[in-house]
Amino acid sequence: MTVPTHHPGDTLLIDYAGGALGEAASLIVATHLALCPCCRLNVAEMEAVGGALLESIEPEEVDPACLETVLAVLARLDDLPPLPRAPRPKLVCQPAEVPLLPEPLRRYVGSDLSRLPWKRLMRGMDCYDIPLGSGSGYDSERRGKARLMRLASGVGPPHHTHRGIELTLVLDGGFTDDLGQFARGDLSVADDSVRHRPVADEEGCLCLAVTDAPLHFTGALGLILNPFVKF
């Protein structure tokens, strides 16, 4: 069970350091790292430990026939069409003043929010679905769905829980829900044990949200909305 928090838990950071996250989750964690020096240091330490462990592993003898097998597979790969390669967010050094949209998020959306084709979800709440490696939607490679959310003061989605994991990173302003108050750089982690309604603070809120399954709205409104929820 995932524990809701203002910062990613060790498991999430370990998965990121080990390259075990899908594209959408990697994007949000890498963007959070650009805003959180403490978590950035933790990931660097995890990567160092992982490298040391690999160096300490004793080599094992392999079957001499393995070389012929590998060469045969490589020969077959030459006949296959190249696969599209999606950019993988990587940790980069940031200046003291981090831009509103830090790297690696700018690689996906640019730096000018006004140029994005925002979609109105409801009054005071707009979104922009971020194109990932093979387009939007949920797929077998666990890319998930990543989107920018722009909320006016006092606005938020209806009460909901989650069919999977929901990660929400505040980029500007803040929001408050049943879990607490979240400001720039804070990352909320919620799963199916969490029922909440994030509401933008007085200054409004700009956030990056990642889900690996559609939300599940609760209450009477959920009976109406859930059949149409695709995010």
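See the structure printed just above.
Procedures and definitions
- Residues numbered from 1 in each chain as written.
- Predicted model: local features only at pLDDT ≥ 70, side-chain atom pairs only at ≥ 80, totals over all residues.
- Heavy atoms only, no water.
- Helix = DSSP H or I, 4+ residues; strand = E, 2+ residues; numbered from the N terminus.
- Buried < 20%, exposed > 50% of the residue type's maximum accessible area, 1.4 Å probe, protein only.
- Contact = heavy atoms within 4.5 Å.
- Areas by Shrake-Rupley, 256 points an atom, 1.4 Å probe, with all protein chains shown as cover.
- Arc of directions from axis to C-beta.
- Expected span 1.5 Å × (residues − 1).
- Salt bridge = Lys/Arg side-chain N within 4 Å of Asp/Glu carboxyl O.

A. Region of the structure containing the overall build of the protein. Each helix and strand in the protein was counted, giving 6 helices and 9 strands. Buried residues in the protein amount to 41% of all 231 residues. Intrachain contacts of the protein at a sequence separation of at least 6 include 68% that bridge at least 24 residues. Summed over all atoms, the accessible surface of the protein reaches about 13,300 Å², with 58% contributed by carbon and sulfur.

B. Region of the structure containing helix α1 (residues 10-17). Of all the residues in α1, the buried ones are L12, L13 and Y16. Looking down the long axis of α1, one finds its buried residues gathered within 95 degrees of arc, a one-sided arrangement. For α1, exposure combined with an orientation more than 90 degrees from the buried face picks out D10 and T11. Where α1 ends, the next residue or the one after it, G19, has phi of about 70 degrees, a positive value.

C. Layout of unusual backbone geometry. Residues E103 and P104 are joined by a peptide bond in cis, for which omega reads 5 degrees. Structurally, the position occupied by P104 is in the loop between α4 (65-77) and α5 (105-109).

D. How the structure looks around the environment of L151. Mapped onto the fold, L151 is located in strand β3 (residues 145-151). For the pair L151 and C207, spaced 56 residues apart in the sequence, the C-alpha separation amounts to 8.5 Å. With near-sequence residues (within four places) excluded, L151 lies in contact with G124, M125, G156, P157, A200, G204 and C205.

E. Structural detail: the environment of G180. Following the sequence through the fold, G180 ends up in strand β6 (residues 180-183). For G180, a relative accessible area of 22% corresponds to the partly exposed category. Considering only alpha carbons, one finds G180 and P198, 18 residues apart in sequence, at a separation of 9.3 Å.

F. Summary view of helix α2 (residues 23-35). Its 13 residues place the ends of α2 19 Å apart at the C-alpha level, agreeing with the 18 Å of an ideal helix rising 1.5 Å per residue. Extensive coverage of α2 is indicated by the burial of 13 of its 13 residues.

G. Spatial organisation of the pattern of salt bridges. Within this structure, the stated rule accounts for 6 salt bridges. For K119, the salt bridge identified is with D129, shortest N-O distance 3.8 Å. Placement of K119 in strand β1 (residues 119-122) and of D129 in strand β2 (residues 125-129) is noted, with a sequence separation of 10 residues between them. On the basis of relative accessibility, which here comes to 24%, the residue D129 falls in the partly exposed class. We note a salt bridge from R150 to D126, for which the minimum N-O separation is 3.2 Å. Of this pair, R150 sits in strand β3 while D126 sits in strand β2; the two residues are 24 residues apart in sequence, bridging distant segments of the chain. A single network of salt bridges, built from pairs that share partners, joins E103, R106 and R107.

None of the figures reported here should be taken as evidence of function without further support.
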